[in-house]
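Remarks on the overall topology
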Amino acid sequence: MGSIKFDENNAPYIHLGKDACIRLEGDEYTDAKSKEKAARELRETPEVVDEAFRVLRARLQEEKSLYVPIENDAFLVKFLRPCKYYPDSAFALIQRYYRFRQKHPEICDDLFPGTVKHVYEEGLVFFQPLRDQNGSRILVLEVGKKWKPSKVPLNDLFRAIQVALEAGMTEPRTQLNGAIVILDMDGLSLSQIVQFSPRFAAIAVDWVQECTAMRLKAIHIVNNSYLFNMLFTIFKPFLSNKLKKRITFHNRNWASLTAQVDPGCLRPRYGGTLETPECEGRLIGELLTHYQKDYEIANSYGYTKKM
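The paragraphs below set out a description of the structure included in this document. Predicted, not measured: the structure shown is a model, and the values here were computed from it.

1. So, the sheet that holds strand E3 (residues 21–22)
A sheet is described by the order of its strands in space; here 3 strands give the open sequence E1-E2-E3, paired in antiparallel fashion. Strands with a single pairing partner mark the edges of an open sheet, and in this sheet they are strand E1 (3–6) and E3. The pairing of strand E2 (residues 12–15) with E3 spans 2 bridges and is antiparallel. Bridge assignment links His15 to a residue of E3, and that residue is Cys21. Lying on the sheet, helix H14 (residues 281–289) is in contact with E1, E2 and E3; it crosses E2 at an angle near 165 degrees.

Printed below as a string of structure tokens:
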């Protein structure tokens, strides 16, 4: 079922046997293929990058009520890459991101791995050990029969998803290649559906569409039933056309899923051929907890109380 180990740089990773592992990839890409893709898709050339940093820093210096590490390149590039190095767009994203956090303290305050470990222990949120054929991170959410609202309230589930995606947002390769989400609704029940309200749906969709510094490439919904249609009607009015086009409903048609996601990156239960052991949910929590101090620093940024 895997275990936490440490590499030669003392960085933690989840060992799943053979060459399979789950780790946070903080190193910048240096290979020619990635650099070419970054230049083509993100306009990532030395001249564009330098100008984007200059303009974004100037915009942030003018935003007196916002405390962020203006001189930290890694922080700025986290927002510049998903905005294709358009500094005004990155500045607007930073504003939306921190205003969302200020507006919704119940789901954004103390957003540390340690506060949501119980969610990961239930096996509801985890990464696949391999990226897809396009280099995208694969995040799997099992929120059907595994999810017991009495143990994991809806807000805690949402917080754990934020913590997981925050990790991906810091990875250069994920900044370049984005992420895909597999939403497994197997065993969804009415008792779970009633946890959702239009207000929560509006907040969650606003976060995904407007506030997340992530290139969300696709959402694949599997094991969905007629009950899921009831749940989807709560979210549908808030979805943009752009996001709607990135959502695919597969139910149990694994040929449909593997036509879009390399089967070598998927486990057999999703029609794939990935034979590495399943990762225990608690290990995801443990892995992220090793980065607790990084999350604490990140959570110290934001708007001052008075705006």
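2. Brief notes about the pairing of strand E8 (residues 216–222)
Among the 7 residues of E8, 6 are classified as buried, and the element is accordingly described as predominantly covered. Pairing between strand E7 (residues 179–184) and E8: 6 bridges, direction parallel. Bridging from a neighbouring strand, Asp184 pairs with Val222 of E8. Where E8 lies against strand E9 (residues 247–251), 4 bridges are found, and the strand directions are parallel. By the bridge assignment for E9, Ile221 is matched with Phe249.

3. Examining the packing of aromatic side chains
Per the stated rule, a full pass over the model turns up 14 aromatic pairs. Arranged with centres 5.5 Å apart and planes meeting at 75 degrees, the rings of Phe79 and Tyr97 form a pair that is edge-to-face. With Phe79 in helix H3 (residues 73–80) and Tyr97 in helix H4 (residues 87–103), this pair connects stretches of sequence that are 18 residues apart. For the pair Phe79 and Tyr97, one class covers both residues: buried. The structure contains a cluster of three or more aromatic residues connected by ring pairs, namely Tyr67, Phe75, Phe79, Tyr97, Tyr98 and Tyr301. Taking the ring centre of Tyr86 as reference, the NZ or CZ of Arg43 above it sits at 3.7 Å. One Lys or Arg, Arg137, reaches over the ring of Phe127 and ends 5.2 Å from the middle of that ring.

4. Considerations on unusual backbone geometry
Phi is positive for Asn10, close to 65 degrees, though the residue is something other than glycine. With respect to the secondary-structure elements, Asn10 resides in the loop between E1 and E2. Of note in this structure, Tyr85 is not a glycine but carries a positive phi near 65 degrees.

5. Topic: the side chain of His250
Mapped onto the secondary structure, His250 falls in strand E9. Here the side chain of His250 touches Leu257 through a polar contact of 3.4 Å, landing on its backbone nitrogen. The residues contacting His250, other than those within four sequence positions of it, are His220, Ile221, Val222, Asn224, Ser256, Leu257 and Gln260.

6. A look at the pairing of E2
Here E1 pairs with E2 via 4 bridges, running antiparallel. Bridge pairing in E2 links Lys5 to Tyr13. The hairpin formed by E2 and E3 contains 5 residues between the paired strands, and Gly17 there has a positive phi angle of roughly 95 degrees.

7. Some remarks on the environment of Asp109
Its location among the elements puts Asp109 in the loop between helix H5 (105–108) and helix H6 (117–121). The sequence separation of Asp109 and Ser300 amounts to 191 residues, and the corresponding C-alpha distance is 9.9 Å.

8. Digging into H4
Taking 1.5 Å per residue as the helical rise, H4 with its 17 residues ought to reach 24 Å, and the 24 Å between its terminal C-alpha atoms agrees with that figure. Every buried residue of H4 is listed here: Pro87, Ala90, Phe91, Leu93, Ile94, Gln95, Tyr97, Tyr98, Phe100 and Arg101.

9. Here we look at the sheet that holds E8
As summarised here, the arrangement of the 5 strands in space is E5-E6-E7-E8-E9, forming an open sheet in which the pairing is mixed. A strand with exactly one partner marks an edge of an open sheet, and here the two such strands are strand E5 (125–127) and E9. Strand-to-strand twist across the sheet, computed as the mean angle between neighbouring axes with direction ignored, equals 20 degrees. Pairing of strand E6 (residues 137–142) with E7, which is carried by 6 bridges, proceeds in the parallel orientation. Looking across to E7, one finds that Leu141 is bridged to Leu183. Here helix H7 (residues 154–169) sits on the sheet and contacts E5 and E6; the angle it forms with E5, its principal contact strand, is near 15 degrees.

10. As for the pattern of salt bridges
Applying the stated criterion across every chain yields a total of 24 salt bridges. The partner of Glu51 in a salt bridge is Arg54, and the shortest N-O contact between them spans 2.7 Å. Here Arg54 and Glu51 lie together in helix H2 (residues 46–62), a separation of 3 residues that amounts to about one turn. Exposure remark for Glu51: the relative accessible area of 40% places this residue in the partly exposed category. With its nearest N and O atoms 3.5 Å apart, the salt bridge here joins Glu142 to Lys146. Judged by its relative accessible area of 8%, Glu142 falls in the buried class. Through salt bridges with shared partners, a single ionic network connects Glu142, Lys146, Arg267, Arg269 and Glu278.

Calculation notes
Residues numbered from 1 in each chain as written. Predicted model: local features only at pLDDT ≥ 70, side-chain atom pairs only at ≥ 80, totals over all residues. Heavy atoms only, no water. Pairing = 2+ DSSP bridges. Helix = DSSP H or I, 4+ residues; strand = E, 2+ residues; numbered from the N terminus. Contact = heavy atoms within 4.5 Å. Axes fitted to C-alpha atoms, helices over the stretch in contact; angles between N-to-C directions. Buried < 20%, exposed > 50% of the residue type's maximum accessible area, 1.4 Å probe, protein only. Phe/Tyr/Trp six-rings, centres within 6.5 Å; stacked < 30°, edge-to-face > 60°. Lys NZ or Arg CZ within 6 Å of the ring centre and 35° of its normal. Polar contact = N/O pair within 3.5 Å; in protein donor to acceptor, adjacent residues only side chain to side chain. Expected span 1.5 Å × (residues − 1). Salt bridge = Lys/Arg side-chain N within 4 Å of Asp/Glu carboxyl O.

None of this, on its own, says anything about what the molecule does.
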